[in-house]
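Take a look at the letters that make up each chain.
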Amino acid sequence: MDTISFRIKRQDTPEGGPYWEEFVIPYQKNSNVISCLMDIQKNPVNAKGREVAPVVWESNCLEEVCGTCTMRVNGQVRQACSALIDRLEQPIVVEPMSKFPVVRDLIVDRTRMFDALKQVQAWVPVDGYYDLGPGERISPNHQQIAYKLSECMTCGCCVEACPQYAKDGDFLGPAAVSQVRLFNMHPTGKNIAEERIDVLTQKGGITSCGNAQNCVEVCPKGIPLTESIAEMGRQVSQRFWKTLFRAA
Ligand code: SF4
Ligand code: SF4
């Protein structure tokens, strides 16, 4: 293999329509999609030999930790930094994620995911940063579950794969639901557990999940999203019965 061929879905502005452009670059051993995009950026000449605007994308850590380089590669949502060229069929088809507004080329605006985290208050509320003394002891089993859940990098793979997460819909998405589980487990975070659960009972909350389980299949961090959804469904029902009996 002397060359690598790419077919890239491009868009010049948020309002502009998408179009496809092909690029052929010299093969380099051990390259990945990001290193190839860098090569295209250095010499932005398309397969027809025409100089074009360089393709733009987002990336940061380059080790599948930050999630910013998430895009569709050969139809599969994943991080471009860990998409190794030698394992991909060519031409390599690269597209932005389809569930978020495109800013330009492969850059999308994931604000909706961060807004979902704000809505569910995905944090531990504290009233100051003075010395509060040692925290509550946490069992190794609790630590193991919480650590896994805390690995979410808000990359968007799960919502991209979720059939219930429509581009203009209101579903909070599996990542936010899983973060509710994480913060409701926390000894201090659970102080506002009911507020978080109330958000999950609203439109776009837990009942929007159709249990297709696509999310758990694509999560690069192996977060047990369907387990989280089931656990939060349990907490939502518990809260419902509690409220009903309190009212009676
Ligand atoms: S749950 Fe997994 S797939 Fe979803 S945003 Fe977090 S890391 Fe990405
Ligand atoms: S299990 Fe729920 S959240 Fe996950 S992909 Fe299916 S519908 Fe979406």
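A quick note: this is a predicted structure, and the numbers were derived from the prediction, not measured.

### Topic: the sheet that holds strand β2 (residues 19-26)
Reading across from one edge, β2-β1-β5-β3-β4 is the order of the five strands in this open sheet, with mixed pairing throughout. Only two strands of the sheet have a single neighbouring strand rather than two, namely β2 and β4 (76-79). Neighbour to neighbour, the strand axes of the sheet diverge by 30° on average, direction disregarded. Looking at chain direction, strand β1 (residues 3-10) and β2 are connected through eight bridges and run antiparallel. Residue pairing for β2: Lys9 is matched across the bridge by Trp20. Most of the contacts of helix α1 (residues 33-42) go to β1, to which it runs at about 85°, and overall it touches β1, β2, β3 (70-73) and β5 (92-95).

### Remarks on the domain arrangement of the protein
You can read the domains of the protein as domain 1 (3-108) and domain 2 (111-247). The C-alpha centroid of domain 2 is placed 32 Å from the C-alpha centroid of domain 1. With 14 residues of domain 1 at the interface, the matching set in domain 2 holds 13 residues. Viewed at the interface, domain 2 and domain 1 are joined by one salt bridge. The tally of links from domain 1 across to domain 2 stands at seven residue pairs in polar contact (both at pLDDT 80 or more). For the side of domain 1 that touches domain 2, the elements supplying multiple residues, two or more each, are β3 and β4.

### Some thoughts on the site of ligand 2
The immediate surroundings of ligand 2 are formed by 13 residues, with Cys162, Cys209, Ala212, Gln213 and Cys215 found nearest. Taken together, the residues of the shell around ligand 2 break down into eight nonpolar, five polar and no charged.

### Regarding the pattern of salt bridges
Taken as a whole, this structure holds 14 salt bridges when the rule is applied. With a closest N to O distance of 3.3 Å, Lys42 and Asp39 form a salt bridge. A residue pair is termed a helical-turn pair when its members lie 3 or 4 positions apart in one helix, as Lys42 and Asp39 do in helix α1 at three residues. According to the relative accessible area criterion, Lys42 is exposed, its value standing at 67%. Measuring nitrogen to oxygen at the nearest pair gives 2.6 Å for the salt bridge that ties Glu151 to Lys148. Among the residues examined, Glu151 registers a relative accessible area of 23% and is labelled partly exposed. A relative accessible area of 29% places Lys148 in the partly exposed class. Taken together, the shared-partner salt bridges in this structure form one network comprising Glu194, Asp198, Arg239, Lys242 and Arg246.

The rules behind the values
- Residues numbered from 1 in each chain as written.
- Chains lettered and ligands numbered in written order.
- Predicted model: local features only at pLDDT ≥ 70, side-chain atom pairs only at ≥ 80, totals over all residues.
- Heavy atoms only, no water.
- Pairing = 2+ DSSP bridges.
- Helix = DSSP H or I, 4+ residues; strand = E, 2+ residues; numbered from the N terminus.
- Axes fitted to C-alpha atoms, helices over the stretch in contact; angles between N-to-C directions.
- Contact = heavy atoms within 4.5 Å.
- Domains from an automatic or database assignment.
- Salt bridge = Lys/Arg side-chain N within 4 Å of Asp/Glu carboxyl O.
- Polar contact = N/O pair within 3.5 Å; in protein donor to acceptor, adjacent residues only side chain to side chain.
- Near = heavy atom within 4 Å.
- Nonpolar A, V, L, I, M, F, W, Y, C, P; charged D, E, K, R; others polar.
- Buried < 20%, exposed > 50% of the residue type's maximum accessible area, 1.4 Å probe, protein only.

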